[in-house]
Amino acid sequence: MSDTTANPLLTTADGKPLKAALARAERRARYRAFLLVLPLLAFILITFVTPIAQMLHQSVYNEGFTMHTEIGSGERTPIMVNIKAWFDENPAGTEPGEAAFAALAEDMKTLRELRAAGSAGTRINYERSGTRSMFTKAARNANKIEPPFKEAFVDLDEDWTDPALWRVMRDASTPYTMNFYLAAIDLTKSPDGDIESVAENRQVYVTLFQRTLFLSVLITFLTFALGYPVAHLLATLPLRHSNLLMILVLLPFWTSLLVRTTSWMVLLQSQGVINDALVGVGLLGDGNRLQMMYNQIGTVVAMTHILLPFMVLPLYSVMRPINPSYVRAARSLGATSWTAFWRIYFPQTVAGIGAGALLVFILSVGYYITPALVGGASGQLISNLIAFHMQNSLNWSLAAALAALLLGGVLILYWLYDRLVGIDNLKLG
Amino acid sequence: MAASQTSDAFVEFDRVQKSYDGETLVVKDLNLTMPRGEFLTMLGPSGSGKTTCLMMLAGFETATHGDIRLGGKSINNIPPHKRGIGMVFQNYALFPHMTIHENLSFPLEVRNIGKSDREAKVKRALEMVEMGSFGTRRPAQLSGGQQQRVALARALVFEPELVLMDEPLGALDKQLREKMQFEITNLAHSLGITVVYVTHDQTEALTMSDRVAVFDDGIIQQLDSPDTLYEKPMNSFVAQFIGENNTLEGRVKEINNGVALVQLDDGELIDCNPVNVTKAGERTRVSIRPERIEFNKARLQEGVHTLKAEVLEFIYMGDIFRTRLRVAGNDEFIVKTRNAPDQKRLQPGEHIEIGWLPEDCRALDA
């Protein structure tokens, strides 16, 4: 041992450096192990990392106003080059003069040739609604636009002089933008480029984020309140009985999500089982049946049920190994059954509560199908709006920005959990 | 300490029965009286009902029938936390999320004892088990023996008069176990507490206890001091369970002047101490301790019956020699002799004659 400090370079029997020999001896095994995980690594890269990276990129990059891609050939042509040049020469807030409108007219001709007015207009329309038709109309009439260009455009539509429109076009003329993130938190830019709130009647996203957060916390709490006693029962019953009960907990888990959600619809709707029963018993008049669906109640009830196993299983896995002698010891030491539970049993289940809560919360923050089916208008979550922008409004950049915010929130939560409880304490089963 | 049936009995089991399923009795008609300050061990094979008795005393199981009294008062309907009984569990049951100090402080906190008082008591209890410097550690950071000491300190810190121990040394290695046996008995006697100790290890029971209750089949087979238990077992179960024992089977031929003449199944006659045989013709199991057997003719008493034996195996064990013989058809007849300079080392195949004092040879139930 003493000569290791004196001579740090150890050698093998035949004089080669020990470190190199060790690395060579283990290299083969390392490569083989790596080959085993390679398929999974590739799978994750292709199906998980790449799409997320693309999504994140999409949320700050939109070339709808700078590039036209021919659908058939895939040929890419830059558009709006003249107006981009004008924006580059003139600082933000410059009153658009004749030169600007001349550049715009030139670009309109290109749009007309390429039949790209719709997509370019759509990009502007994301941030200033009602703009798309102005672009299609201008492009249609591109050949008839004669100097003076400004009057010609105003003749087509008075809004062409709107400073807000020019602010949007200036921002859109470079593909990289933070505007979608601003929009995702109900902010916009003034014509001067200052950040301000959008009009009150158009504020959607912050409210929806808040509602998503609130409902997720509520659902997490409900699954905890319902799941804790069940998990405790599962953990303390003799194995023969607890296996049966476990099947009852897991059975919904194995049933299709759609089936479970629709069965809640059967139960909750105003002509549904619960209302019929209440009316039948006479607790409710036929006229005032409870509205339990297409609102937040529906979302909360159905999601609590569907996410319950994600709470019960981690709880069960921490409760099972807790030796009953801990509680007995506490009782023999003079604790009442409540004190024994609260001071001795409960603290030992915190890791399971943390894991279950994190799991349920993260799942419910991004939940989509159930709120879409039973949520109605007031029970929609942020993911429903993301889906709307993906499928209906086709504003993918905004959808990506919303999704990125959601992802960021979840990551922050995960980080917080790691700081407070420690991820290595996370027991999922 | 002698068994006392006086009115100042501290712990009393009065005709206690326990059944879990309503079909079989785990504890059948248990009667037991313990004076204050006694160290009593419940010894028995697993399933003999000893742990159930302990749990009934602690309050975790209810007696199906009968009365359990503590200091003269029936405790059948007192919940465990009001009994004020300290308990040491088999797996120690130290609360894993608390430090050692918090573990010890817990019974004092739930008794609403003031902080300064608490600190002093915890400190004293930890020093008592020589764990004074470990207060800030968690149970998982301690070795098995250290955890055992802490569990002991925790059961004692609130100064209970009665402490129950459920196989507390079961998880320790042999050396540590022997050390702890000594420490526990010393502590119990110096504090003057009453201890009910459950174990299935007979050596532990013999070395630690004032009295040992041997359990089998839900019944106390014998309740006596360790030496009486070893030297004067009252039935063949106790004789077999406590220590090593040679058994010969036969029939009582006659009983004269307190000596029973037993005819073994191969026809040989021996003199025995009639323990629970009363009349001629009864079947009996004769029990002799291996160290009470003599094969040196010069040392045998005049006129005693001897048996022919063949040496099957000689095992050198250091301090003693262990010789396996064939006696009256029994191939597992063991003789233990001290490794003294003049001791004869028997050779396998040798034919010898063995004998013993009639009072060492106990004719028990068949």
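What counts, and where the lines are drawn
Residues numbered from 1 in each chain as written. Chains lettered and ligands numbered in written order. Predicted model: local features only at pLDDT ≥ 70, side-chain atom pairs only at ≥ 80, totals over all residues. Heavy atoms only, no water. Helix = DSSP H or I, 4+ residues; strand = E, 2+ residues; numbered from the N terminus. Contact = heavy atoms within 4.5 Å. Areas by Shrake-Rupley, 256 points an atom, 1.4 Å probe, with all protein chains shown as cover. Axes fitted to C-alpha atoms, helices over the stretch in contact; angles between N-to-C directions. Parallel < 35°, antiparallel > 145°, perpendicular 65-115°, else oblique. Pairing = 2+ DSSP bridges. Salt bridge = Lys/Arg side-chain N within 4 Å of Asp/Glu carboxyl O. Buried < 20%, exposed > 50% of the residue type's maximum accessible area, 1.4 Å probe, protein only. Expected span 1.5 Å × (residues − 1). Buried area = accessible area lost by both parts, 1.4 Å probe. Polar contact = N/O pair within 3.5 Å; in protein donor to acceptor, adjacent residues only side chain to side chain. Core = buried A, V, L, I, M, F, W, Y, C linked by side-chain atoms within 4.5 Å. Left-handed = near helix turned anticlockwise from the far one by under 90°. Nonpolar A, V, L, I, M, F, W, Y, C, P; charged D, E, K, R; others polar. Disulfide = S-S within 2.5 Å. pLDDT = per-residue confidence, 0-100. Phe/Tyr/Trp six-rings, centres within 6.5 Å; stacked < 30°, edge-to-face > 60°. Domains from an automatic or database assignment.

### Quick word on the overall build of chain B
- Each helix and strand counted, chain B has eight helices and 19 strands in total.
- With the C-alpha coordinates aligned to their principal axes, the bounding extent of chain B is approximately 75 × 45 × 35 Å.
- The contacts in chain B between residues at least 6 apart in sequence include a share of 66% that link residues at least 24 apart.
- Working note: accessible area of chain B is about 16700 Å², and carbon and sulfur atoms make up 47% of it.

### Remarks on the packing of helix H10 (residues 205-236) of chain A against helix H18 (residues 382-391) of chain A
All names here are of chain A.
- Interhelical geometry of H10 versus H18 gives an angle of 135° and a closest axis separation of 8 Å. With respect to their mutual orientation, H10 and H18 come out oblique. Contacts between H10 and H18 pair Tyr205, Leu208, Phe209 and Thr212 from the former with Ile382, Leu385 and His389 from the latter.

### Notes on the sheet that holds strand S19 (residues 362-364) of chain B
- An order of S11-S12-S13-S19-S14 (chain B) is seen for the five strands of this closed barrel, with the pairing classed as mixed. Each adjacent strand pair in this sheet contributes to an overall mean axis angle of 55°, direction not counted.

### Overview of the pattern of salt bridges
- Going through the model one piece at a time under the given rule, you end up with 41 salt bridges over all chains.
- Residues Arg76(A) and Glu63(A) are paired through a salt bridge, measuring 2.9 Å at the closest nitrogen-oxygen approach. Taken together, the positions of Arg76(A) in strand S2 (residues 76-78) and Glu63(A) in the loop between helix H2 (18-60) and strand S1 (67-69) put the pair 13 residues apart, joining distant regions of the chain.
- Overall, the relative accessible area of 45% leaves Arg76(A) in the partly exposed class.
- In this structure, Lys121(B) engages Glu159(B) in a salt bridge whose closest nitrogen and oxygen atoms are separated by 3.8 Å. Within this pair, whereas Lys121(B) is found in helix H3 (residues 115-128), its partner Glu159(B) is found in the loop between helix H4 (144-156) and strand S7 (162-166), the two being separated by 38 residues in sequence.
- By relative accessible area, which is 16% here, Lys121(B) ends up buried.
- Assessed through its relative accessible area of 47%, Glu159(B) is described here as partly exposed.
- What emerges from the salt-bridge pattern is a single network uniting Arg123(A), Glu127(A), Arg167(A), Asp171(A) and Lys189(A).

### Looking at helix H5 (residues 174-191) of chain B
Residue and element names in this part refer to chain B.
- For H5, which comprises 18 residues, the first-to-last C-alpha distance of 26 Å matches the rise-based estimate of 26 Å (1.5 Å per residue) to within 8%.
- Those residues of H5 that are buried are in contact with strand S3 (39-43), H3, H4, S7, strand S8 (194-199) and helix H6 (202-208).
- One or two steps after H5, the chain reaches glycine 192, where phi turns positive at roughly 70°.

### Here we look at the environment of Ala138(A)
All names here are of chain A.
- With respect to the element layout, alanine 138 can be found in helix H6 (residues 132-140).
- The spacing of alanine 138 and arginine 112 is 26 residues in sequence and 8.8 Å in space, taken between C-alpha atoms.
- In this structure alanine 138 touches Met108, Ile145, Phe153, Leu156 and Trp160, once residues within four positions along its chain are discounted.

### Notes on the interface of chain B and chain A
- If you look at the interface, chain B gives 23 residues, while chain A gives 17 residues.
- Buried area between chain B and chain A, summed over both chains or domains, comes out near 1800 Å², and the portion from carbon and sulfur atoms is 64%.
- Looking only at chain B, the three residues that lose the most surface to chain A are His81(B), His97(B) and Phe106(B), adding up to 29% of its buried area.
- On inspection of chain B and its partner chain A, the count reaches two salt bridges.
- Among the salt bridges present, the one from Glu61(B) reaches Arg328(A), with a minimum N-O distance of 3.9 Å.
- Taken together, chain B and chain A are joined by five residue pairs in polar contact (both at pLDDT 80 or more).
- If you list the elements that add at least two residues to the side of chain B that touches chain A, you get strand S6 (85-88) and helix H2 (100-109) of chain B.
- When residues in the side of chain B that touches chain A are grouped by element, the largest group, three residues, is from H2(B).

### Digging into the nonpolar core
- Formed by 103 residues in total, the largest nonpolar core has its most connected members in Phe13(B), Met42(B), Leu57(B), Phe95(B), Leu162(B) and Leu164(B).
- Element by element, the count of residues in this core is highest for helix H14 (residues 296-319) of chain A, at 11 residues.
- Counting 34 residues, the second largest nonpolar core, distinct from the first, contains Ala142(A), Phe149(A), Ala152(A) and Met169(A).

### What to know about unusual backbone geometry
- Here the amide bond leading from Pro147(A) into Pro148(A) is cis, since omega sits at 0°, within 30 degrees of zero.
- Along the polypeptide, Pro148(A) turns up in the loop between H6 and helix H7 (149-156).
- Located in the positive-phi region is Ala328(B), a residue other than glycine, with phi close to 50°.
- With respect to the helices and strands, the residue Ala328(B) is situated in the loop between strand S16 (320-327) and strand S17 (330-338).

### Looking at the packing of H10(A) against helix H11 (residues 239-254) of chain A
All names here are of chain A.
- Running from N to C, H10 and H11 cross one another at 150°; their axes reach a closest spacing of 8 Å. For the pair H10 and H11, the crossing hand works out as left-handed. Across the interface between the two elements, Val230, Leu233 and Leu234 of H10 pack against Ser242, Leu245, Met246 and Val249 of H11.
- Of the residues contributing to the contact of H10 with H11, the split by class is six nonpolar, one polar and no charged.

### Some words on the state of the cysteines
- Applying the stated criterion across every chain yields a total of zero disulfides over all chains.
- Cys272(B) supplies the cysteine sulfur nearest to Cys361(B), a cysteine that is in no disulfide, at a spacing of 3.1 Å.

### With respect to the sheet that holds S16(B)
Residues and elements named next belong to chain B.
- Read across the sheet, four strands follow the order S17-S16-S15-S18 without closing on themselves; strand pairing throughout is antiparallel. Since the sheet does not close on itself, it has two edges, and those belong to S17 and strand S18 (351-354), each with one partner. Across the sheet, the mean angle from the axis of one strand to that of its neighbour is 45°, orientation sign disregarded.
- Across seven bridges, the pairing between strand S15 (residues 307-316) and S16 is antiparallel. Its bridge partner being in S16, isoleucine 315 is matched across the sheet by arginine 322.

### What to know about the confidence of the model for chain A
- Mean pLDDT over chain A works out to 87, with 97% of the residues at or above the 70 mark.
- Averaged pLDDT values for the elements of chain A fall to 47 in helix H1 (residues 2-6) of chain A and rise to 94 in H10(A).

### A closer look at the packing of aromatic side chains
All names here are of chain A.
- Across all of its chains, the model carries 25 aromatic pairs over all chains by this definition.
- Ring centres of tryptophan 86 and phenylalanine 87 lie 5.6 Å apart, and the angle between their planes is 65°; on these two criteria the pair is classed as edge-to-face. Per residue, the accessibility class of tryptophan 86 equals that of phenylalanine 87, and both read buried.
- A ring pair is formed by phenylalanine 341 and phenylalanine 346, whose centres lie 6.0 Å apart and whose planes are at 55°; its orientation type is tilted.

### Quick notes on the domain arrangement of chain A
All names here are of chain A.
- When the domains of chain A are assigned, the result is domain 1 (2-60), domain 2 (67-200) and domain 3 (205-425).
- When each unit is reduced to the centre of its C-alpha atoms, the spacing between domain 1 and domain 2 is 51 Å.
- Between domain 1 and domain 2, the residue contacts involve four residues of the former and six residues of the latter.
- Here domain 1 packs against domain 2, burying approximately 390 Å² in sum over the two surfaces, 48% of which is carbon and sulfur.
- It is His57, Ser59 and Val60 that lose the most area in domain 1 upon contact with domain 2, and together they represent 92% of the buried surface on that side.
- Remark: the boundary between domain 1 and domain 2 carries zero salt bridges.
- Where domain 1 touches domain 2, the interface holds three residue pairs in polar contact (both at pLDDT 80 or more).
- Here the residues of the side of domain 1 that touches domain 2 are counted per class, giving two nonpolar, two polar and no charged.

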